[in-house]
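Topology and contacts: notes
What follows is each chain in one-letter form.
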Amino acid sequence: KNTDKFVSVKRNINAGKPWYKIKVKTTGNFIFNYYMRKNIDFIYNKSGYVVSDNFYILNINKNPLAHLAILNSSFTRLAILQYSRNQGNGLKKIQAYEFKEVPVVDLGKLSDKVIDNLSKLGKKLQKINRYNYEVTEKLLTSVDEILLQEYNLATNSQISINQINKDLSFYFN
């Protein structure tokens with residue numbers, strides 16, 4: 001009733017124009033929350049749901065389930081932690097420009113058999129309740145063991161899963 005209020009909104013409604021716009025972010029098939037507290041999770045967003053602003057969005061179309069396993073591996077988690085910043089009280093954050101620098105295991109350097117095994121583990125990872133940490137950790141340990149074996153063969157190293165876990169605990173304690 002008050003003609004002095006909401007003039008531009010009324011004008012747009014009367015003209016049949018939209019009076020509001022929601023800016024929808026582009027979606028990706030992987031999402032990653034850039035705030036972390038012991039839980040560094042890449043989520044396979046197969047349906048392409050729109051996510052809030054505190055997620056980075058990735059599009060990986062080749063072997064997405066193998067990538068799901070690799071992205072959630074301790075190798076990737078360690079790399080992210082090395083590039084992230086401490087926010088206090090165990091909270092970490094990684095900026096977009098830092099995130100772009102994080103090295104990730106290259107599928108092109110892995111055998112078809114290894115990629116197939118990683119895809120199977122990625123499929124399981126996609127289906128499990130990620131808040132059941134015992135099951136999740138068991139599955140991620142299997143991913144780490146595969147990648148660790150490949151890494152040790154390629155570099156003639158003897159790194160163990162215990163060393164990786166020790167390195168991870170350094171960042172969270």
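Located above this text is the structure these notes cover.
Please read all numbers here as calculations on a predicted model, not as lab measurements. (Residues numbered from 1 in each chain as written. Predicted model: local features only at pLDDT ≥ 70, side-chain atom pairs only at ≥ 80, totals over all residues. Heavy atoms only, no water.)

Right, let's talk about the nonpolar core for a bit. By size, the foremost hydrophobic cluster in this structure holds 38 residues, and its most contacted members are Phe-32, Ile-80, Ile-94, Phe-99, Leu-110 and Leu-118. For this core, the secondary-structure elements that each account for two or more residues are β1 (30-33), β3 (42-44), β4 (55-58), α2 (64-71), α3 (74-83), α5 (112-127), α6 (133-155) and α7 (161-172). Among the elements that line this core, the one with the most residues is α6, at six residues. (Core = buried A, V, L, I, M, F, W, Y, C linked by side-chain atoms within 4.5 Å. Buried < 20%, exposed > 50% of the residue type's maximum accessible area, 1.4 Å probe, protein only. Helix = DSSP H or I, 4+ residues; strand = E, 2+ residues; numbered from the N terminus.)

A word on the sheet that holds strand β2 (residues 35-36). Spatially, three strands are ordered β2-β6-β5 in an open sheet, and the strand pairing comes out antiparallel. For this open sheet the edge positions go to β2 and β5 (85-88), each flanked by a neighbour on one side alone. Examined bridge by bridge, β5 and strand β6 (residues 91-93) share three bridges and lie antiparallel to one another. Bridging across to β6, Asn-86 finds its partner in Lys-92. (Pairing = 2+ DSSP bridges.)

Before going further, it helps to examine the environment of Leu-110. The topology assignment puts Leu-110 in the loop between α4 (96-99) and α5. Take Leu-110: its relative accessible area is 12%, and that puts it in the buried class. Remark: the alpha-carbon pair of Leu-110 and Leu-147, spanning 37 residues in sequence, is separated by 9.2 Å. Look past the residues within four positions of Leu-110 in its chain and what remains in contact with it is Ile-70, Val-105, Ile-115, Leu-118, Leu-147 and Glu-150. (Contact = heavy atoms within 4.5 Å.)

Turning our eyes to something else, we now look at the sheet that holds β1. What the three strands build is an open sheet, ordered β3-β1-β4; its pairing is antiparallel. For this open sheet the edge positions go to β3 and β4, each flanked by a neighbour on one side alone. Mean inter-strand twist for the sheet, computed between neighbouring axes without regard to direction, equals 25 degrees. Here β1 runs beside β4; their pairing, made up of four bridges, is antiparallel. Opposite Phe-32, over in β4, you have Tyr-56 as the bridge partner. Running at roughly 165 degrees to β3, α2 makes contact with β1, β3 and β4 of the sheet. (Axes fitted to C-alpha atoms, helices over the stretch in contact; angles between N-to-C directions.)

The next point concerns the side chain of Asn-152. Residue placement: Asn-152 occurs in helix α6. Other than its neighbours up to four places away in sequence, Asn-152 contacts Ser-157, Gln-158 and Ile-159.

We now examine the side chain of Asn-29. Tracing the backbone through its elements, the reader meets Asn-29 in the loop between α1 (7-14) and β1. Setting aside chain neighbours within four positions, we find Asn-29 in contact with Ile-43, Tyr-44, Asn-45, Lys-46, Leu-58, Asn-59, Ile-60, Asn-61 and Pro-64.

Attention now moves to the packing of aromatic side chains. As enumerated under the stated definition, the model contains eight aromatic pairs in all. Ring geometry for Phe-32 against Phe-99: centres 5.1 Å apart, planes inclined by 10 degrees, an arrangement best described as stacked. Here Phe-32 is found in strand β1, whereas its partner Phe-99 is found in helix α4, with 67 residues between them in sequence. The buried category is assigned to Phe-32, whose relative accessible area is 0%. Residue classification places Phe-99 among the buried residues on the basis of a relative accessible area of 14%. Site record: aromatic cluster; members linked through ring pairs are Phe-32, Tyr-34, Tyr-35, Phe-42, Tyr-56 and Phe-99. (Phe/Tyr/Trp six-rings, centres within 6.5 Å; stacked < 30°, edge-to-face > 60°.)

Quick look at α3 now. The element α3 is extensively covered by neighbouring structure, given that seven of its ten residues are classed as buried. Within the sequence span of α3, burial applies to Ser-74, Thr-76, Arg-77, Leu-78, Ala-79, Ile-80 and Leu-81.

Where nonpolar side chains cluster on the molecular surface, the patch consists of Ile-13, Trp-19, Tyr-20, Ile-22, Val-24 and Val-50 and spans about 690 Å² of accessible area. The residue Val-50 is located in the loop between β3 and β4 in this model. (Patch = residues over 30% accessible without salt bridge, like charges linked within 9 Å, V, L, I, M, F, W, Y side chains within 5 Å. Areas by Shrake-Rupley, 256 points an atom, 1.4 Å probe, with all protein chains shown as cover. Salt bridge = Lys/Arg side-chain N within 4 Å of Asp/Glu carboxyl O.)

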